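# Architecture and fold: a report
If you want the building blocks of each chain, they are given just below.
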Amino acid sequence: ASLISRLSFLKADTSRRKIGHKSGRITSKSAVPVATNDDAPFAKRTVPRKPSRVLVVIAHDVSGSMGVSKSSDNMGQALTLVTALQTLEDDYPNIKVLVVPWATDARCGEKIRAGEIIKMPHYHTGTNMSSAFAALQKNETYKQSVANKDAIVGVMITDGHNTSRDKFSCNKFIKSIGRTQSWCCAVIGHKDRNKPNEYMTLNQEEVFGLANTFGFSNVNESVPIIAKTIQKTIARAEARR
């Protein structure tokens, strides 16, 4: 409910004024129509549209440190978020959701349910984030979305560090993504001892960028940032498409 309430998709497509009306407002871009005696130099705001051609990817850590999928731990909250994001497909047919549970290895697919995730062979193994990107790049839905220049929103959830080798592979992927794709990273559960009200990001900003990396006490707290990232990416992609 928290996620859906924050995803005001009717506002996701950037509202702007479009010239070509016989009444409305005169804007700076109306100068040429006015100078040429155009009979429709006025501008009116366009009606925001629902998003089209959107792929949401939720790549979440299922290593042992995340917990055992109880409602109070990080694993349980992450699986709840997966379920919440998947419900977007019911309300918005143009949105597809890919789930990438990762640990030592990863699996990528649509309609992967929480019950399936906890039975996967790599559930509760090590931490290898780049395996998520490797699995994603092999997925046909993802490859088609890239080819179509769809809005692709990646959400990474983790509570761990990267090794040097893992970080190198992750950076390689992030640097390769197109202009209509964006990723954010929610780092869960690492309180900063030097800043009592803040949570550490474990240097994940070295992969995802400072503006796209955030520390939280739990997965639920990351929902506003995730919603904002989804909206911004959709608006940017539709403007560039």
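For the structure itself, look to the data block above.
Let me sum up the structure you'll find in this document. Keep in mind it's a predicted model, so treat the numbers as computed, not measured. (Residues numbered from 1 in each chain as written. Predicted model: local features only at pLDDT ≥ 70, side-chain atom pairs only at ≥ 80, totals over all residues. Heavy atoms only, no water.)

## Some words on the overall build of the chain
- Within the chain one finds 10 helices and 7 strands.
- Principal-axis analysis of the C-alpha atoms places the extent of the chain at approximately 70 × 45 × 35 Å.
- Expressed as a percentage of the 241 residues in the chain, the buried residues total 46%.
- The contacts in the chain between residues at least 6 apart in sequence include a share of 70% that link residues at least 24 apart.
- When the accessible area of the chain is evaluated, it comes to approximately 12,600 Å², of which 50% is carbon and sulfur surface.
- Taking the average place of the 35 positive charges on the side chains of the chain and the average place of its 21 negative ones, the gap between the two points comes to 7 Å. (Helix = DSSP H or I, 4+ residues; strand = E, 2+ residues; numbered from the N terminus. Buried < 20%, exposed > 50% of the residue type's maximum accessible area, 1.4 Å probe, protein only. Contact = heavy atoms within 4.5 Å. Areas by Shrake-Rupley, 256 points an atom, 1.4 Å probe, with all protein chains shown as cover. Lys, Arg positive; Asp, Glu negative; His and termini not counted. Charge placed at Lys NZ, Arg CZ, Asp CG, Glu CD.)

## Details of unusual backbone geometry
- Of note, serine 69 is a non-glycine position whose phi angle comes to about 70°, a positive value.
- Turning to its location among the elements, serine 69 is positioned in the loop between strand E3 (54-61) and helix H3 (74-86).
- Residue serine 69 is classed as partly exposed on the basis of its relative accessible area, which comes to 29%.
- One non-glycine residue, lysine 111, lies in the positive phi region at around 60°.
- You can see lysine 111 is positioned in the loop between strand E4 (95-102) and helix H5 (114-117).

## Some words on the pattern of salt bridges
- One pass over the structure, following the stated rule, counts 4 salt bridges.
- Notably, a salt bridge pairs aspartate 150 with arginine 53, separated by 2.9 Å at the nearest N-O pair. Separated by 97 residues along the polypeptide, aspartate 150 in the loop between helix H7 (140-148) and strand E5 (151-158) and arginine 53 in the loop between strand E2 (42-45) and E3 bring together distant segments of the chain.
- For aspartate 150, a relative accessible area of 8% corresponds to the buried category. (Salt bridge = Lys/Arg side-chain N within 4 Å of Asp/Glu carboxyl O.)

## Quick notes on the packing of aromatic side chains
- On inspection of all chains with the given rule, the structure shows 5 aromatic pairs.
- The interplanar angle of 50° and the centroid separation of 6.4 Å between the aromatic rings of phenylalanine 133 and phenylalanine 208 together place this pair among those described as tilted. Here phenylalanine 208 lies in helix H9 (residues 205-208) and phenylalanine 133 lies in helix H6 (residues 130-137), a separation of 75 residues in the sequence. Each of the two residues, phenylalanine 133 as well as phenylalanine 208, counts as buried.
- Here phenylalanine 173 and tryptophan 183 contribute two aromatic rings whose centre-to-centre distance is 6.0 Å and whose plane-to-plane angle is 85°, an arrangement assigned as edge-to-face. In this pair, phenylalanine 173 is assigned in helix H8 (residues 164-176) and tryptophan 183 in strand E6 (residues 181-188), connecting sequence segments 10 residues apart. Of the two residues, phenylalanine 173 and tryptophan 183, neither departs from the other in class, the shared state being buried.
- The rings of Phe133, Phe173, Trp183 and Phe208 are connected pair by pair, giving a single aromatic cluster. (Phe/Tyr/Trp six-rings, centres within 6.5 Å; stacked < 30°, edge-to-face > 60°.)

## So, the pairing of E5
- Extensive coverage of E5 is indicated by the burial of 8 of its 8 residues.
- Of the two faces of E5, the one lined by Ala151, Val153, Val155 and Ile157 and the one lined by Ile152, Gly154, Met156 and Thr158 are each fully buried.
- Where E3 lies against E5, 7 bridges are found, and the strand directions are parallel. The residue of E5 that forms the bridge with valine 56 is valine 153.
- Two elements, E5 and E6, share 7 bridges in a ladder whose sense is parallel. Note on E6: the bridge partner recorded for methionine 156 is cysteine 185.
- In the classification by handedness, the crossover that spans E5, the intervening H8 and the parallel E6 is right-handed. (Pairing = 2+ DSSP bridges. Right-handed = clockwise from strand over helix to strand, strands pointing away.)

## Some points on H7
- Those residues of H7 not exposed but buried are Thr141, Tyr142 and Ser145. Along the axis of H7, the buried positions cluster into a sector of 100°, meaning they face one direction only. Of the residues in H7, the exposed ones pointing more than 90 degrees away from the buried face are Glu140 and Ala147.
- On its buried face, H7 sits against E3, E4, H6, E5, H8 and E6.
- One side-chain oxygen at the N-terminal end of H7 lies 2.9 Å from the backbone nitrogen of threonine 141; it belongs to asparagine 139.
- Two residues or fewer after H7 comes lysine 149, characterised by a positive phi angle close to 60°. (Arc of directions from axis to C-beta. Polar contact = N/O pair within 3.5 Å; in protein donor to acceptor, adjacent residues only side chain to side chain.)

## As for the nonpolar core
- In terms of nonpolar packing, the biggest core is built from 38 residues, with Leu81, Leu85 and Ile157 touching the most fellow members.
- Listing elements by their share of this core, those giving two or more residues are E3, H3, E4, E5, E6 and helix H10 (223-240).
- Leave out the neighbours within four places in its chain, and isoleucine 157 touches Ile58, Ala59, His60, Asp61, Met66, Leu81, Trp102, Ala186, Ile188 and Val219.
- Of all hydrophobic cores here, the second largest spans 24 residues; its members include Leu98, Cys108, Cys170 and Cys185. (Core = buried A, V, L, I, M, F, W, Y, C linked by side-chain atoms within 4.5 Å.)

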